[in-house]
Amino acid sequence: MSYSAIACKCQDCNEMFLVRQLMTTVIDLDTHDANLFFENNINKVVCKNCSAEFTFELPMVIFSRKAKFAIRVLPTLTPDLCTEKFAAPYLLTCSEYRFRIVTYQIEAIEKAKIFMSNLDDRYIEYIKLCSFSDAQATPINTFNIIFDSIDDKNFHFNRYDSNNNVIDKYKIPISSFDESDIRYTDFDLKKYWNQINRFSVKSYVESGGN
């Protein structure tokens, strides 16, 4: 947790204001923090100028020892810089862990849902690549298409606006895809933190899996 006045820019009116409230920067999903995290209720702020509510994007670490993964949220770094960072917390560093790095908190929620559903995020990003257009699935402030859940027949995805509100829902039949379509053993994963999204999977597919 961190508690100090932090300058924040409103996502609606672009005005700057000071945030003076408790902010969460480390989340252990094996504890009671999990519900708030999955409900997307972490680090919500309200603009003093226009009263818009949105997620204040801050650097965070989210992890689960039970599910063996760790996710870093680094909203201020470019993807190229993010993939070069590999200093994992020492208590988490082991070969069985999956380490991921993302730009937005909603992406961290997605990764955690994928891993806790015993799925591979490379496969989910491949499904997004094949199912949605660039305008729909681009992981930037404007629109996000995010994995939500899986049932016996379908993968479920939500589309979010810039304030992380769900504005559309999609379901894609599981039978439409075969996980063998993407060769995981050839997919380049660095030793520690990896950025796996639709664009990294797209580059992998377009290179012929090399």
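Because the structure is predicted, anything quoted here is derived from the model rather than measured.

**Student:** Just checking my understanding: could you explain the packing of aromatic side chains for this structure?
**Tutor:** In this description, a pair of aromatic rings is defined by centroid distance and the angle of the planes. Counted by the stated rule, this structure contains 9 aromatic pairs. When the centroid spacing of 5.1 Å and the interplanar angle of 70 degrees are considered together, the rings of Phe132 and Tyr170 count as edge-to-face. Of the two residues, Phe132 sits in the loop between helix H4 (121-131) and helix H5 (134-137) while Tyr170 sits in strand E11 (residues 166-173), which places them 38 residues apart along the sequence. A residue is classified by how much of its surface remains accessible, and Phe132, at 8% relative accessible area, is buried. Linked through ring pairs, Phe132, Phe147, Phe157 and Tyr170 together constitute an aromatic cluster.

**Student:** Help me understand the packing of H4 against helix H6 (residues 198-206), please; the structure alone is not making it clear to me.
**Tutor:** Two quantities define a packed helix pair, namely the angle between the axes and the distance from one axis to the other. One way to put it is that H4 packs onto H6 with a least axis distance of 9 Å and a crossing angle of 80 degrees. Between H4 and H6, the angle is such that the two are roughly perpendicular. For the pair H4 and H6, the contacting residues are Arg122, Glu125, Tyr126, Lys128 and Leu129 in the first and Arg198, Val201, Lys202 and Val205 in the second. Considered class by class, the residues forming the contact of H4 with H6 number 4 nonpolar, no polar and 5 charged.

**Student:** When you look at the packing of helix H3 (residues 105-116) against H4 in this model, what are you seeing that I'm missing?
**Tutor:** Interaxial distance between H3 and H4 falls to 9 Å at its minimum, and their mutual angle equals 115 degrees. Note on element contacts: H4 touches H3 through Asp121, Ile124, Glu125 and Lys128, opposite Glu110, Lys111, Ile114 and Phe115. Classifying every residue of the contact of H3 with H4 by side-chain character gives 3 nonpolar, no polar and 5 charged.

**Student:** Can you walk me through the sheet that holds strand E7 (residues 69-73) in this structure?
**Tutor:** Strand pairing in a sheet is mediated by backbone hydrogen bonds. Such pairs are either parallel or antiparallel. The 4 strands lie next to each other as E3-E6-E7-E8, forming an open sheet whose pairing is mixed. At either margin of the open sheet sits one strand with a lone partner, and together these are strand E3 (26-28) and strand E8 (98-102). The mean inter-strand angle of the sheet, taken between neighbouring strand axes irrespective of direction, is 15 degrees. Of the strand pairs in this sheet, E7 and E8 are connected by 5 bridges, and their pairing is parallel. Its bridge partner lying in E8, Ala70 is registered against Phe99. Along the sheet face, H3 touches strand E6 (60-64), E7 and E8 and points at about 170 degrees away from the line of E7.

**Student:** It is not clear to me how unusual backbone geometry should be interpreted in this structure. Could you clarify?
**Tutor:** Glycine aside, residues mostly have negative phi angles, and peptide bonds mostly take the trans form. Its identity is not glycine, yet Asn14 carries a phi of approximately 70 degrees, on the positive side. Here Asn14 is to be found in the loop between strand E1 (6-9) and strand E2 (16-19). A residue is classified by how much of its surface remains accessible, and Asn14, at 48% relative accessible area, is partly exposed. Its identity is not glycine, yet Asn40 carries a phi of approximately 60 degrees, on the positive side. Among the secondary structure elements, Asn40 is positioned in the loop between helix H1 (33-38) and strand E4 (44-46).

**Student:** I'm lost on the environment of Ile6 in this one. Help?
**Tutor:** Relative to the helices and strands, Ile6 resides in strand E1. Separated by 14 residues in the primary sequence, Ile6 and Arg20 place their C-alpha atoms 6.8 Å from one another.

**Student:** It is not clear to me how the sheet that holds E11 should be interpreted in this structure. Could you clarify?
**Tutor:** The antiparallel open sheet is built from 3 strands, whose spatial order is E9-E10-E11. Each edge of the open sheet is held by one strand with a lone partner, namely strand E9 (144-150) and E11. On average, each strand axis in the sheet is inclined to that of its neighbour by 25 degrees, with strand direction left out of account. As judged from the 6 bridges shared by E9 and strand E10 (residues 154-160), these two strands associate in the antiparallel manner. Residue pairing in the sheet places Ser149 in a bridge with His156 of E10. Along the sheet face, H3 touches E9 and E10 and points at about 25 degrees away from the line of E9. Sheet contacts for H4: E9, E10 and E11; angle to E10, the most-contacted strand, approximately 70 degrees.

**Student:** What's the story with the pattern of salt bridges in this structure? I'm lost.
**Tutor:** When their charged atoms lie close together, side chains carrying opposite charge are able to pair. Evaluation of the coordinates by the stated rule reveals 8 salt bridges. A salt bridge links Lys111 to Glu125; the shortest N-O distance between them is 3.8 Å. In this pair, Lys111 is assigned in helix H3 and Glu125 in helix H4, connecting sequence segments 14 residues apart. Across this residue pair, the class does not change: Lys111 and Glu125 are buried. Its salt-bridge partner being Asp148, residue Lys113 comes within 2.8 Å of it at the nearest N-O pair. Of this pair, Lys113 sits in helix H3 while Asp148 sits in strand E9; the two residues are 35 residues apart in sequence, bridging distant segments of the chain. With relative accessibility at 16%, the residue Lys113 sits in the buried group. With a relative accessible area of 27%, Asp148 lands in the partly exposed category. Three or more residues are tied together by salt bridges with common partners; here these are Arg100, Glu110, Lys111, Asp121, Glu125 and Lys128.

About the cut-offs
Residues numbered from 1 in each chain as written. Predicted model: local features only at pLDDT ≥ 70, side-chain atom pairs only at ≥ 80, totals over all residues. Heavy atoms only, no water. Phe/Tyr/Trp six-rings, centres within 6.5 Å; stacked < 30°, edge-to-face > 60°. Helix = DSSP H or I, 4+ residues; strand = E, 2+ residues; numbered from the N terminus. Buried < 20%, exposed > 50% of the residue type's maximum accessible area, 1.4 Å probe, protein only. Axes fitted to C-alpha atoms, helices over the stretch in contact; angles between N-to-C directions. Parallel < 35°, antiparallel > 145°, perpendicular 65-115°, else oblique. Contact = heavy atoms within 4.5 Å. Nonpolar A, V, L, I, M, F, W, Y, C, P; charged D, E, K, R; others polar. Pairing = 2+ DSSP bridges. Salt bridge = Lys/Arg side-chain N within 4 Å of Asp/Glu carboxyl O.

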